[in-house]
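One letter stands for each residue in the lines below.
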Amino acid sequence: MRGDNKFINFIKSPGAWVWAFWAALVLCAVAAALCAWFLGGTHPATCALYAVCLALFVYCICVSVRPMRAAFSRMVASNKLLSHIAADYGYRTVALSIISLAINVAYAVYQGVLGIVFRSAWYGLFAGYYIVLSALRAVIIFLGTRKFAKEVSGGYKVYLACGCMFLILSVSLATLAGYLITSGSTVHSGEITVISMAAYAFYKIIAAAIHIVKTRKYGSFSLQALRNISFADAVVSIFALQISMVATFGGGEEMWLLNVVVGAAVVLCTAGMGIY
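Here's what I pulled together on the structure shown here. (Residues numbered from 1 in each chain as written. Predicted model: local features only at pLDDT ≥ 70, side-chain atom pairs only at ≥ 80, totals over all residues. Heavy atoms only, no water.)

**Here's the deal with the overall build of the protein**
When helices and strands are counted, the protein shows ten helices and zero strands. In the protein, which comprises 276 residues, the proportion classed as buried is 35%. Sequence separation of 24 or more characterises 71% of the internal contacts of the protein that already satisfy a separation of 6 or more. Only carbon and sulfur atoms are counted for the fraction: they give 73% of the accessible area of the protein, which is about 16600 Å². (Helix = DSSP H or I, 4+ residues; strand = E, 2+ residues; numbered from the N terminus. Buried < 20%, exposed > 50% of the residue type's maximum accessible area, 1.4 Å probe, protein only. Contact = heavy atoms within 4.5 Å. Areas by Shrake-Rupley, 256 points an atom, 1.4 Å probe, with all protein chains shown as cover.)

What follows is the structure, encoded as structure tokens:
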């Protein structure tokens with residue numbers, strides 16, 4: 001009985017032996033690839049190795065989570081900046097918004113370059129949208145970090161400024177959506193690319209919705225404005241995904257109508273947040 005408990009504890013927390021399990025996973029993956037090459041992907045030996053690889057992968061992930069979290073917590077505690085970000089939700093929101101701003105600017109430049117190289121209005125319009133979005137984020141971050149924004153009245157003015165700029169953003173979105181729907185000159189992406197876009201877009205919209213609700217508890221208009229911007233960004237990702245799916249997988253009149261519905265919903269959602 002005592003030996004059984006010892007074995008169970010070892011399975012739950014193998015310690016340094018976890019690297020041996022990772023090595024076994026790599027070896028099984030190589031063996032599965034060789035079996036698939038020489039015997040075929042449907043051979044019983046290949047299928048058995050696939051099952052072993054899957055079981056080892058799930059097990060290695062499960063037993064690696066706790067030590068990785070512990071190592072990450074020690075790293076955060078030892079760094080003053082990281083510990084501040086982890087402890088202060090408002091500070092963390094601003095820091096992540098600055099990172100998002102940098103990503104948006106880089107993405108806008110990338111889309112603009114592609115638009116010039118390929119002479120594509122698709123890329124050019126997306127570049128214009130992300131330029132407007134980046135300007136909106138930059139203004140809110142700048143105003144939100146000012147001393148007057150710490151007061152309720154100052155934060156409320158920042159929130160109102162965000163609403164006004166959302167109306168400008170909705171005009172940009174309406175132009176983008178109208179062109180993409182009526183022109184039909186969309187970029188065809190590979191199926192794997194579209195599936196990746198779908199996973200990222202749904203992650204963005206779920207995370208943005210959760211943070212909008214979470215930020216309301218803190219009663220900060222500046223933080224709420226930043227979270228609203230993230231939600232608008234996520235909503236547009238859903239629209240871009242919809243357009244890309246239709247361009248990649250095809251569709252009839254019903255898909256064209258779905259593009260119209262999704263595009264209108266995105267524009268109305270953005271404009272509605274601005275008016276609110």
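After that view, the rundown keeps rolling.
**What to know about the packing of aromatic side chains**
Pairs of aromatic rings are described using the distance from one ring centre to the other and the angle between the two planes. Per the counting criterion, the structure on display carries four aromatic pairs. Between Phe 21 and Tyr 59 the ring centres are 5.0 Å apart and the planes differ by 70°, which places this aromatic pair in the edge-to-face class. Taken as a pair, Phe 21 in helix α2 (residues 18-38) and Tyr 59 in helix α3 (residues 44-78) lie far apart in primary sequence, 38 residues in all. In this structure Tyr 59 comes out as buried when scored by relative accessible area, which is 18%. Measuring from ring centre to ring centre gives 6.4 Å for Tyr 107 and Tyr 110, while their planes differ by 40°; the resulting arrangement is tilted. Taken together, the residues Tyr 107 and Tyr 110, both in helix α5 (residues 89-118) and three residues apart, mark about one turn of the helix. The exposure class of Tyr 107 is partly exposed, given its relative accessible area of 35%. Through a chain of ring-to-ring contacts, the aromatic side chains of Tyr 107, Tyr 110 and Tyr 130 assemble into a single cluster. (Phe/Tyr/Trp six-rings, centres within 6.5 Å; stacked < 30°, edge-to-face > 60°.)

**So, the layout of surface pockets**
Empty pockets left among the atoms are what a rolling probe the size of a water molecule brings to light. By volume, the largest pocket amounts to about 1100 Å³. Around the largest pocket, the lining is made up of 36 residues, and of these Tyr 130, Tyr 200, Lys 204, Asp 233 and Ser 237 lie nearest the centre. At the level of elements, α5, α6 (121-144), α8 (191-216) and α9 (221-249) are the ones that each hand at least two residues to the lining of the largest pocket. Residue contributions to the lining of the largest pocket peak at eleven residues, all from α5. Along the lines of polarity and charge, the residues of the lining of the largest pocket split into 20 nonpolar, twelve polar and four charged. (1 Å grid on protein atoms, 1.4 Å probe; cavity = no way out; pocket = protein on both sides within 12 Å on 5 of 7 lines; lining within 4 Å. Points joined across faces, edges and corners; volume = space filled by probe spheres on them. Nonpolar A, V, L, I, M, F, W, Y, C, P; charged D, E, K, R; others polar.)

**Description of α5**
Over its 30 residues, α5 runs 42 Å from end to end, which matches the ideal 44 Å to within 8%, given 1.5 Å per residue. Buried residues of α5: Tyr 89, Gly 90, Thr 93, Ser 97, Leu 101, Asn 104, Ala 108, Gln 111, Leu 114 and Gly 115, and no others. Downstream of α5 by a residue or two, Arg 119 has a phi angle that is positive, lying close to 50°. (Expected span 1.5 Å × (residues − 1).)

Nothing here speaks to function; it is geometry throughout.
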